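# Architecture at a glance
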Amino acid sequence: CRTSDLSGLCTRPLSHVTGTSRCSAAGRCTLLPVSPDQQRPESCRDLKPVSRGPIVQFKLSDIGEGIMEVTVKEWYVKEGDKVSQFDSICEVQSDKASVTITSRYDGVIRKLYYDVDATALVGKPLVDIETESGSEVIQEEDVVETPAMAREEHTHQEIKGHKTQATPAVRRLAMENNIKLSEVVGTGKDGRILKEDILNFLAKQTGAILPPTPFQEIQTPGPALAPVTKPPPTTPKPVFTGKDVTEPLKGFHKAMVKTMSAALKIPHFGYCDEVDLSRLVALRAELRSVAEGRGVKLSYMPFFIKAASLGLLHFPILNASVDEGCQNITYKASHNIGLAMDTNQGLLVPNVKNVQLLSVFEIAQELNRLQALGSTGQLGTSDLTGGTFTLSNIGSIGGTYAKPVILPPEVAIGALGKIQVSSKLFQDDQSRNMKISVNVLMQFLRESFRSIFSVSSGAFCRSWSSSVQLVTEGLMEEVEMFYYRSLSE
Amino acid sequence: MSVYVSSVVNADVWFTLNYTRNCSQLRTRTVVSCTAWICGGTAPSGGCRHKLIILRSRSTDVYQNLALEDWIDANVDLQRRGVLLLWRNRPAVVIGRHQNPWTECDLRAMRRVGIPLARRRSGGGTVFHDLGNLNLTFFTSKKAYDRKRNLKVITEALRRVRPGLDVQATDRYDILLNGHYKISGTASRLSRKSSYHHCTLLHSADRSALSAVLRPSCPGIHSNATPSVPSPVANLLDHAPTLQWEELLDGLEQQYSTGTLLLLLASPGSDSTFPGLSRTVAELRSWDWTFGKTPKFSVQTLLDLTDGRSPARSSARLHMEVKNGLMESCELDVPEDWLPRPLSAELMNSLVGERFCPHRAAAAAAALLRTESGERQSRLHNLCDAVVSVMG
C-alpha cells in the first residue's frame, strides 16, 4: 500500500484491479487515523465501523440483441463509494449503443472488476456491492417503482399520494442536518421537496450570508447563423456547503500571480481629476442610433480610448515600456490601448491595436468584437498581448473610485470611474437655462518613474480631458457636416 | 385512416389531425397540453389510448433537440407505448458519447463559420447535421429494443413512397442506397428501463460543408476513443429528385404507426411543457460535458519554432496527457539555446491542471508574456502560439 502518509506502515497488498495504489483493506484497516492536518488517504478515511452486510456480486445484465460483451467506457463510482438503488455505476458501449448501468442495491462499492477500455462480459460480475445487513436483495424482475425510490432525475408523473415526497438523496440531506421534512416547504411537482428547498431552509435557519458560487461555466457558443433568443441571465444561486475547499492555483491564475507580483513592485503614483462630459453624453445619444444602424454598439469607451491616444501623441513617455532590469526604455510607436475586462476567467486585458490610425467608429467596432469574444471566453493570444497602455473602467460595475494596478511592461494605466451627475448646477448666461453638468470622477494615471522623467500626470490628465473635448467637437463637426450634406442633396 | 380529436386543455402544442392515406390535410386544429398526453396523466377524456406517438420537434437547435430526447427518455412511460421523434438541426457537428472532438472535427474551422459542437448521450460516430438531414429517434422500453425493426420502418417507408428505390439495412445498422452510398447511420442509448435508437436520414444535406469540418483539429493525438468510420454518402434527393421533405415525413409516420396516428408538434423551448428541459440544455452546452467527457488521451507532436526578428528556426517536442479535458501533465522539450529551460518550464507549469482549450491557454500565455521582453519575449510568444494551436 503506497498511501504516502502511512509510509510503509501499512503492509496490505496493492489492488491490481483498478490500478490504483489504494489500500485494498478499505474499511478493515486497523491503523490509527493520521493527524487531521495531514491529508488522509481515502481508503482509511471510513474507520467508523461499517455494518458488514453480505457482499453481492452485481453481474452485468443482458443488454439485448444477443450482445455478449461490451467495453467499459467510464466509471461513475470507485471502491468505497456509497451507492443507492438506481444510481449510475458506469457507462459501457457496445456497437454504437451507449448503456448506463445502474445499481440494483443500496450499499458500498467494494470492488470494480474492470478498468476503463476493458471488455466486460454479459452475465459476469461487474462490481461487488456490500449491502447493508438485513436489507433485501431485490431481483431485477421484482423491482417495483414505488415513489419514494424514484430517482431525482426520473420524475415519473404517475406518482400517487405520499405525504412528504422526497427522493432518498434529499431525505439523507435532511437527516444529516436534523431537519424534519414536514417543516420544509416543497417547491417541486406535487409539493415534492427538492434539494434546493432543504438548502433554503438551512439558510433561513442559520441566517448565513451565502457566498456566491466561485466559477461560472464558460459555455460553448451557440450557432452564429441564426439569432437564438437567450433566456435572461440569472445570477447563480449561492450554495452553502459548509466546507472549506482547497484547490491548487492553475493555468491563467497561476500565471497572473507572477504578473501581479511584478506589477506591484512598480512604484505607483496617482492623480485625480474630474471631467465635464455633458457634451459627450449629448453627442453619444445622437450617434448611438446611427451606429446601431450599422450594427455597432456605441458606448463611451471608444471616445475615451481615442482621447487617450491623442494624449499619448503629446506624451509618448506614457506609451513606453521598460525591460525587467530597467536597463532600456522603448518608446512604442503603436498605441495598442488595452481595456481591462472582468470575465469568468478573471481580469483579462485585450487591446485595440493601432488606435492612432482608427476613427472612433472603428474603435467601437473593434471593442464590440473583443467584448463578444471576452464574454464567451474566446480571446486569443494576439488580442491579449502587445498592449502599450491600458484603460480600466472597472468602476463601471458600480464603484466610483478604482485602484488599478499597472500591468507590466506598460508604465501607466488610466482608471475611469462612473459617469455621475454632479451636484453642481451651472447657470448658462447665454441660454438662460439651468444646465446640469455631467462629470466623470476619475482616478487617473498611476505612473511609474514620475520622479525620474518629471512627467506630470496632471498635465497628461488635462491633456486627456481636453482631448475628450476635442474628440467630441471633432465628431460634432463631422455630424454637422453630414447633416448639411444630406440637406443639400 | 382516422386521427384522434381532443378538446383544448393548455395551449402549447399544435395538434395535426385527419391524415388520409395519400395526402395530409389540416382539417381542424385543436390545442392540447403535450405533457399530459404523452405521459398518460390527467388527459381530458381519461387516458391516452395510443400505443405509438409521433412527435415532431419545432426546434432546430441541436442542444434543445438532444435535451428533448433525454426528457422523453426520462419522463415518458415507455413500458406501455412507443414514441417516434422527428427532428432536424441547423448546421452542427454531433459527436458520440465517448468520442474525442479534437480528432473528429476541425474545431477552428467550425468556430470560424459558427458551427457548434454537441456531444450526444448515445454512442457511435460523428455526424454533421443540417436542415437537409432528418433525425429519427425510436423510443421503446428496454425489452422492446430492436434496431432492425426500426430500420425496417424506414426502408419500407422509402420503398412505399418511391417503389424501386434500392435501400438496404446492413449488419452495422446503416442504410445503404444502391448498395453503396450510406444514407443513414445509427446510434442508441440504453438506460435502466428504457431505450432509444436514433438514426439520421440524408435527404438534402450540404455535403461540401460536411467534408470541410469532419477532419482532425490537430495531429499527434493518441486515444482509445471511439473512432468514426468514414463512408461515401449520398442524399435521397439526388436519387429521387421529386421526394419532398413533407412527403418523406408523411411516409415515415404512416409506416411507423399503421393504425390510429397521434401526432404532436413539440416546442422544446418552453419549460412549462417540458419541465427541467432547460437545465439539460445548459448541461449539454457546457464545456464540461462537450469536452470534459473525452476519454483520456495523449498528445505527442513536434512544434516548429520561429523567431519574429530573425530567420532562425528550431523545433520542440511536446507531450501532454489529457484527462477529463484537463491537462494532467505537460512536457516540453525546447533546445536550451533557443529558450532557457526555466522559461519553457514556467509555461508548462502554468498549463498543468488547466483545460485543454486554446482560449484558456492563450490567457495563461498572455499573462506570462507580460514579464518578458526582447528576443526572449518574441520566442516565448511564438512558442505559446504553437502550443495553443495544438488545442484546436
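For the structure, check the block above.
Before going into details, it helps to say that this report is about the structure given with it. Note that this is a predicted model, so its numbers are computed, not measured. (Residues numbered from 1 in each chain as written. Chains lettered and ligands numbered in written order. Predicted model: local features only at pLDDT ≥ 70, side-chain atom pairs only at ≥ 80, totals over all residues. Heavy atoms only, no water.)

### Some points on the sheet that holds strand 17 (residues 313-323) of chain B
All names here are of chain B.
- Strand order in the open sheet made by the 4 strands is 14-16-17-18, with antiparallel pairing throughout. The open sheet terminates on both sides in strands that have one partner only, identified here as strand 14 (221-223) and strand 18 (326-333). For this sheet, the mean inter-axis angle between neighbouring strands, taken without regard to orientation, is 15 degrees.
- Alignment of strand 16 (residues 297-306) against strand 17, held across 10 bridges, turns out to be antiparallel. (Pairing = 2+ DSSP bridges. Helix = DSSP H or I, 4+ residues; strand = E, 2+ residues; numbered from the N terminus. Axes fitted to C-alpha atoms, helices over the stretch in contact; angles between N-to-C directions.)

### Overview of the side chain of N351(A)
Residues and elements named next belong to chain A.
- Positionally, N351 belongs in strand 15 (residues 351-352).
- Side chain to side chain, N351 and K353 meet in a polar contact 2.7 Å long.
- A polar contact is formed between the side chain of N351 and the backbone oxygen of T385, at a distance of 3.1 Å.
- Apart from residues no more than four positions distant in its own chain, N351 is found in contact with N336, I337, G338, L370, D383, L384, T385, G386 and G387. (Polar contact = N/O pair within 3.5 Å; in protein donor to acceptor, adjacent residues only side chain to side chain. Contact = heavy atoms within 4.5 Å.)

### Points about the packing of aromatic side chains
All names here are of chain A.
- The tally for this structure, following the rule as stated, stands at 10 aromatic pairs over all chains.
- When the centroid spacing of 6.1 Å and the interplanar angle of 80 degrees are considered together, the rings of F58 and Y105 count as edge-to-face. In this pair, F58 is assigned in strand 1 (residues 55-59) and Y105 in the loop between strand 5 (97-102) and strand 6 (107-112), connecting sequence segments 47 residues apart. Across this residue pair, the class does not change: F58 and Y105 are buried. (Phe/Tyr/Trp six-rings, centres within 6.5 Å; stacked < 30°, edge-to-face > 60°. Buried < 20%, exposed > 50% of the residue type's maximum accessible area, 1.4 Å probe, protein only.)

### Details of unusual backbone geometry
All names here are of chain A.
- The phi torsion at K96 lies on the positive side, around 70 degrees, for a residue other than glycine.
- Within the secondary structure layout, K96 lies in the loop between strand 4 (88-94) and strand 5.
- Although it is not a glycine, D117 adopts a positive phi angle of roughly 75 degrees.

### What to know about the sheet that holds strand 5 (residues 92-95) of chain B
Residues and elements named next belong to chain B.
- Strand order in this open sheet of 3 strands is 6-5-7, and the pairing throughout is mixed. Lying at the two open borders of the sheet, with one neighbouring strand each, are strand 6 (117-119) and strand 7 (127-129). Pairs of neighbouring strands in the sheet enclose a mean axial angle of 30 degrees, with direction left out of account.
- Across 3 bridges, strand 5 lies against strand 6 in parallel orientation. Directly across from V93, in strand 6, lies its bridge partner L117.
- Of the strands in this sheet, strand 5 and strand 6 are in contact with helix 2 (residues 62-75), which crosses strand 6 at around 10 degrees.

### So, the pairing of strand 3 (residues 52-57) of chain B
Residues and elements named next belong to chain B.
- The buried count for strand 3 comes to 5 of 6 residues, which makes it a mostly enclosed element.
- Bridge analysis of strand 3 against strand 4 (residues 82-87) gives 5 bridges, and the strand direction is parallel. Paired with L52 across the two strands is G82, which belongs to strand 4.
- With helix 2 bridging strand 3 and the parallel strand 4, this β-α-β connection has right-handed handedness. (Right-handed = clockwise from strand over helix to strand, strands pointing away.)

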